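Coordinate inspection notes
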Amino acid sequence: MEVAPQRLSTSPLSNPDVAFKVLRRYQADPVLWAREVLGYEPWSAQEAIFRAAFQHRNVAVRSANGVGKTSVAARIVLAHLCLFPDTLVITTAPTDRQV
């Protein structure tokens, strides 16, 4: 018995104009991208760090251990790589576990 191939539904993002508008919206608001695409809900300081990383060339964060700096940094790196295809991201850390 032969099975007919199933037709895949067409995503709105398959339209280049729509995809470009969505990309531009996320580039303008990377926290929205993190919320909608990653399901990430940053607390207020993490959101401020996230926004600062897209508004300034260098960002330094001074805070205690275990407050989510590495977590937000990983998402910032991912956002840069996904939203700005020609970007280069270099990260450093004191231990290999943190890179």
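The structure we're discussing is the one just above.
These numbers were taken from a predicted model, which means no experiment stands behind them.

**Some remarks on the packing of aromatic side chains**
Applying the stated criterion across every chain, the model contains two aromatic pairs. Ring geometry for Phe50 against Phe54: centres 5.8 Å apart, planes inclined by 15°, an arrangement best described as stacked. Residue Phe50 and its partner Phe54 are both found in helix α3 (residues 44-55); the two are separated by four residues, about one turn of the helix. With 6.1 Å between their ring centres and 35° between their planes, Phe54 and Phe84 make a pair best called tilted. Separated by 30 residues along the polypeptide, Phe54 in helix α3 and Phe84 in the segment after α4 (69-83) bring together distant segments of the chain. An aromatic cluster is defined as three or more aromatic residues linked by ring pairs; in this entry it consists of Phe50, Phe54 and Phe84.

**What to know about a nonpolar patch on the surface**
There is a patch of nonpolar side chains on the surface, built from Val37, Leu38 and Leu78 and spanning about 220 Å² of accessible area. Note that Leu78 resides in helix α4.

**As for the environment of Val61**
As for its placement among the helices and strands, Val61 is situated in the loop between α3 and α4. The spacing of Val61 and Ala19 is 42 residues in sequence and 33 Å in space, taken between C-alpha atoms. Sequence-distant contacts of Val61, that is, excluding residues within four places in its chain, are made with Ile49 and Lys69.

**Here we look at the nonpolar core**
Grouped together as the largest cluster of nonpolar side chains are twelve residues: Tyr26, Val31, Trp33, Ala34, Tyr40, Ile49, Phe50, Ala53, Val72, Ile76, Ala79 and Leu83. Listed by contribution, the elements that provide at least two residues to this core are α2 (30-38), α3 and α4. If you tally residues by element for this core, the top one is α4, at four residues. Sequence-distant contacts of Ile76, defined by excluding residues within four places in its chain, comprise Ile49, Phe50, Ala53 and Phe54.

What counts and what doesn't
Residues numbered from 1 in each chain as written. Predicted model: local features only at pLDDT ≥ 70, side-chain atom pairs only at ≥ 80, totals over all residues. Heavy atoms only, no water. Phe/Tyr/Trp six-rings, centres within 6.5 Å; stacked < 30°, edge-to-face > 60°. Helix = DSSP H or I, 4+ residues; strand = E, 2+ residues; numbered from the N terminus. Patch = residues over 30% accessible without salt bridge, like charges linked within 9 Å, V, L, I, M, F, W, Y side chains within 5 Å. Areas by Shrake-Rupley, 256 points an atom, 1.4 Å probe, with all protein chains shown as cover. Salt bridge = Lys/Arg side-chain N within 4 Å of Asp/Glu carboxyl O. Contact = heavy atoms within 4.5 Å. Core = buried A, V, L, I, M, F, W, Y, C linked by side-chain atoms within 4.5 Å. Buried < 20%, exposed > 50% of the residue type's maximum accessible area, 1.4 Å probe, protein only.

Honestly, it's all geometry; don't read function into it.
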